[in-house]
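# Topology and contacts: notes
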Amino acid sequence: MKLAKVRLADGKVRVALVEDKGLQLLDMEQVTGIRVLSDILHAPDPVGLAKFLVDPKAGPIKINEVTFLAPIDRQEVWAAGVTYKRSQIARMEESEAGASHYDKVYTAPRPEIFLKATPHRVSGPGEPVRVRADSGWSVPEPEFTLVLNPAKQIVGYTIGNDMSARDIEGENPLYLPQAKVYNQCCGLGPCILLADGPLNKEAVTIELVIHRNGAEAYRASTPLSQMKRELPELAEWLGKENDLPAGAFLLTGTGIVPPDNFTLENGDSVSISITGIGTLTNPVVKD
Ligand code: DO4
Ligand code: MG
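Below or above, wherever it landed, is the structure these notes cover. All figures in this text were calculated on a predicted structure; none of them were measured in a lab.

What follows covers the pairing of strand β2 (residues 13-19). Of the pairings in the sheet, the one linking strand β1 (residues 2-7) to β2 comprises six bridges and is antiparallel in character. Each residue of the ladder has a partner; that of Lys-2, found in β2, is Val-18. Here β1 folds back onto β2, and the loop between the two strands holds five residues, one of which, Gly-11, carries a positive phi near 90°. As judged from the four bridges shared by β2 and strand β3 (residues 22-25), these two strands associate in the antiparallel manner.

Attention now goes to unusual backbone geometry. Looking along the chain, the bond that leaves Gly-189 and enters Pro-190 is cis, with omega of 0°. In this fold, Pro-190 is placed in strand β13 (residues 186-194). You will see that Lys-152, though not glycine, has its phi angle at about 70°, which is positive. Mapped onto the secondary structure, Lys-152 falls in the loop between β10 (142-148) and β11 (154-162). Of the residues examined, Lys-152 reaches a relative accessible area of 27% and is grouped as partly exposed. In this model, Gln-184 sits at a positive phi of 55°, which is unusual for a non-glycine residue. Position of Gln-184 among the secondary structure elements: in the loop between α6 (176-180) and β13. Since its relative accessible area comes to 22%, Gln-184 is described here as partly exposed.

So, about the site of ligand 1. In the neighbourhood of ligand 1, 16 residues make up the surrounding shell, with Val-82, Ser-87, Glu-112, Lys-180 and Thr-254 lying closest. Within the side chain of Glu-112, one N or O atom sits 2.8 Å away from an oxygen atom of ligand 1. Contact distances for ligand 1 include 2.9 Å between an oxygen atom and a side-chain N or O atom of Asp-162. Taken by itself ligand 1 offers 280 Å² of open surface, and the protein chains cover 100% of this. Counting atoms within 2 Å of the grid points, the majority share of ligand 1 lands in the largest cavity. Mapped by element, the contributors of at least two residues to the shell around ligand 1 are β5 (76-81), α3 (85-94), β6 (112-117) and α6.

As a further point, take the packing of α3 against helix α4 (residues 99-107). Where α3 contacts α4, the two axes come as close as 8 Å, and the packing angle between them is 165°. Between α3 and α4, the angle falls in the class roughly antiparallel. When the axes of α3 and α4 are compared, the crossing they make is left-handed. For the pair α3 and α4, contact is made by Lys-85, Gln-88, Arg-91 and Met-92 and by Ala-99, Tyr-102, Asp-103 and Tyr-106, respectively. Taken together, the residues of the contact of α3 with α4 sort by class into four nonpolar, one polar and three charged.

What follows concerns the environment of Ile-206. Position of Ile-206 relative to the elements: it lies in strand β14 (residues 205-212). Between the C-alpha atoms of Ile-206 and Ile-256, which are 50 residues apart in sequence, the distance is 8.7 Å. Filtering out sequence-adjacent residues up to four positions away, Ile-206 remains in contact with Tyr-84, Pro-142, Phe-144, Ala-220, Ser-221, Thr-222, Leu-224, Ile-256, Ile-272, Ser-273 and Ile-274.

Turning next to the nonpolar core. Core analysis: the biggest nonpolar cluster contains 80 residues, and Leu-26, Ile-40, Val-77 and Phe-144 have the highest contact counts within it. Per-element accounting of this core gives the leading share, six residues, to β13. Each of domain 1 (2-69) and domain 2 (76-285) gives at least three residues to this core.

Moving on to the coordination of the magnesium ion (ligand 2). With distances of 2.0 to 2.1 Å, the protein atoms coordinating the magnesium ion (ligand 2) are Glu-141 (OE), Glu-143 (OE) and Asp-162 (OD). Counting the intervening residues between successive donors of the magnesium ion (ligand 2) yields the motif E-x1-E-x18-D. Of this pair, Glu-143 sits in strand β10 while Asp-162 sits in strand β11, placing them 19 residues apart in sequence. On the basis of relative accessibility, which here comes to 0%, the residue Asp-162 falls in the buried class.

Evaluated as defined, the whole model comprises two aromatic pairs. An angle of 35° between the planes, with centres 5.2 Å apart, marks the rings of Phe-144 and Tyr-157 as tilted. Highlighted residues: Phe-144 in strand β10 and Tyr-157 in strand β11, separated in sequence by 13 residues. The residues Phe-144 and Tyr-157 share a single accessibility class, namely buried. The ring of Tyr-106 has Lys-228 lying over it, and the distance from NZ or CZ to the ring centre is 5.3 Å.

The rules behind the values
Within each chain, residues carry numbers counting from 1 in the order of the written sequence. As they are written, the chains are lettered A onward and the ligands numbered 1 onward, keeping that order. It should be noted that, the model being predicted, local features are given only for residues of pLDDT at least 70 and side-chain atom pairs only at 80 or more, the latter also being counted only at that level, while totals for whole chains, interfaces and linings use all residues. Heavy atoms from the whole structure form the basis of all side-chain values; hydrogens and water molecules are not counted. Note: two strands are recorded as paired if DSSP finds a minimum of 2 bridges between them. Secondary structure elements are defined from DSSP: runs of H or I of at least 4 residues count as helices, runs of E of at least 2 residues count as strands, and each element is numbered from the N terminus. For each residue, the accessible area found with a 1.4 Å probe, counting protein chains only, is set against the maximum for its type, and the residue is called buried under 20%, exposed over 50%, and partly exposed in between. Here a residue is near a molecule or strand as soon as one of its heavy atoms is found within 4 Å of it. Polar contacts, as used here, are pairs of N or O atoms within 3.5 Å; protein pairs need one atom able to donate a hydrogen and one able to accept it. Residues neighboring in sequence count only if both atoms are side-chain atoms. Surface exposure here means Shrake-Rupley accessible area, sampled with a 1.4 Å probe, where a residue is shielded only by the protein chains that are shown. A cavity here means a set of 1 Å grid points, computed over protein atoms only, where a 1.4 Å probe fits but cannot escape. A pocket is an open set with protein on both sides within 12 Å along at least 5 of 7 lines, and lining residues have an atom within 4 Å of a point. To qualify as sitting in a cavity or pocket, a molecule needs more than half of its atoms within 2 Å of the grid points. Helix axes are fitted only over the stretch in contact, all axes being lines through C-alpha atoms; the angle between N-to-C directions runs from 0 to 180 degrees. With respect to orientation, any angle under 35 degrees is reported as roughly parallel, any angle over 145 as roughly antiparallel, any angle of 65 to 115 as roughly perpendicular, and every other angle as oblique. Handedness of a crossing follows from how the near helix is turned relative to the far one, being left-handed for an anticlockwise turn of less than a right angle and right-handed for a clockwise one. Whether two residues are in contact is decided by their heavy atoms, any of which lying within 4.5 Å being enough. We call Asp, Glu, Lys and Arg charged. Ala, Val, Leu, Ile, Met, Phe, Trp, Tyr, Cys and Pro are nonpolar, and the rest, Gly among them, are polar. Nine residue types can take part in a nonpolar core, namely buried Ala, Val, Leu, Ile, Met, Phe, Trp, Tyr and Cys, and a core is a set of them joined through side-chain atoms within 4.5 Å. Domain ranges listed in this record stem from an automatic or a database domain assignment. Ligating atoms shown are N, O and S within 2.8 Å of the metal, or 3.2 Å for Na, K and Ca, and water is not included, meaning a site may look less than complete. Aromatic rings from Phe, Tyr and Trp, taking only the six-membered ring of Trp, are treated as a pair when their centres fall within 6.5 Å; an angle between ring planes under 30 degrees marks them as stacked, one over 60 as edge-to-face, and anything in between as tilted. Charge-over-ring contacts are defined here by two conditions on Lys NZ or Arg CZ: a distance within 6 Å of the ring centre and an angle within 35 degrees of the ring normal.

Interpretation note: all reported values are geometric properties and have no functional meaning in isolation.
As structure tokens, then:
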């Protein structure tokens with residue numbers, strides 16, 4: 001089951017069930033204390049609650065009649081890094097000074113985890129993601145993303161784009177927060193696939209397509225199963241000594257890194273597709 005936050009033609013923001021036949025709006029007035037998407041995600045039984053909230057009076061709405069918004073409310077956004085061999089190799093190449101750190105973290109029991117964004121830095125579907133004006137080498141990082149409730153349980157999955165300035169990170173690993181965290185540094189959406197059973201990682205593919213001037217400039221894909229770590233392992237490390245009272249999103253690292261001569265440009269379009277979730281597309285801005 002997939003849930004989305006959408007803006008209707010009349011400007012109202014609603015939570016909806018995303019189905020093949022269209023969107024079913026949820027009637028949030030029916031249950032006290034349930035107002036926004038994360039109230040459903042953090043409830044004891046998100047799937048049961050979402051089914052209960054379907055508004056029987058509202059017929060299905062066509063997907064192209066609404067605007068999908070980032071599926072975030074007050075959650076923090078965290079990210080794990082160097083969880084795929086491809087990321088380890090790319091990082092070691094870009095950073096003379098920090099190469100051994102990336103090598104070590106790939107095999108160490110403790111993963112790399114960093115604070116990626118707060119809600120105001122997140123772009124939803126169709127909203128711009130940003131390349132820093134002081135970066136000459138930036139890429140999108142297409143990442144399978146966990147949705148955690150305040151009890152630190154995985155309650156859903158979405159698509160994340162961990163926009164990254166490779167030159168800033170490569171110059172000195174201590175610049176990582178500036179390479180990763182800035183205005184419009186993170187894409188999330190278009191919806192949340194509720195975790196209502198075990199996830200078959202073998203069946204999930206992550207694909208990145210970048211368009212420039214109307215033509216395809218880059219395309220690559222990776223199976224989620226190429227990830228070195230387990231998803232619950234990453235969630236557990238994030239939650240150690242670290243409360244998440246508003247819940248959290250956890251991007252789980254990139255297995256796709258464009259070649260070293262590729263950098264995003266103003267006007268590019270980044271599309272990330274993940275099996276079972278959908279496609280997140282964002283235009284790129286650079287001032
Ligand atoms: O070590 C830097 C960040 C790594 C990262 O974001 C990734 O592997 O996805
Ligand atoms: Mg990343």
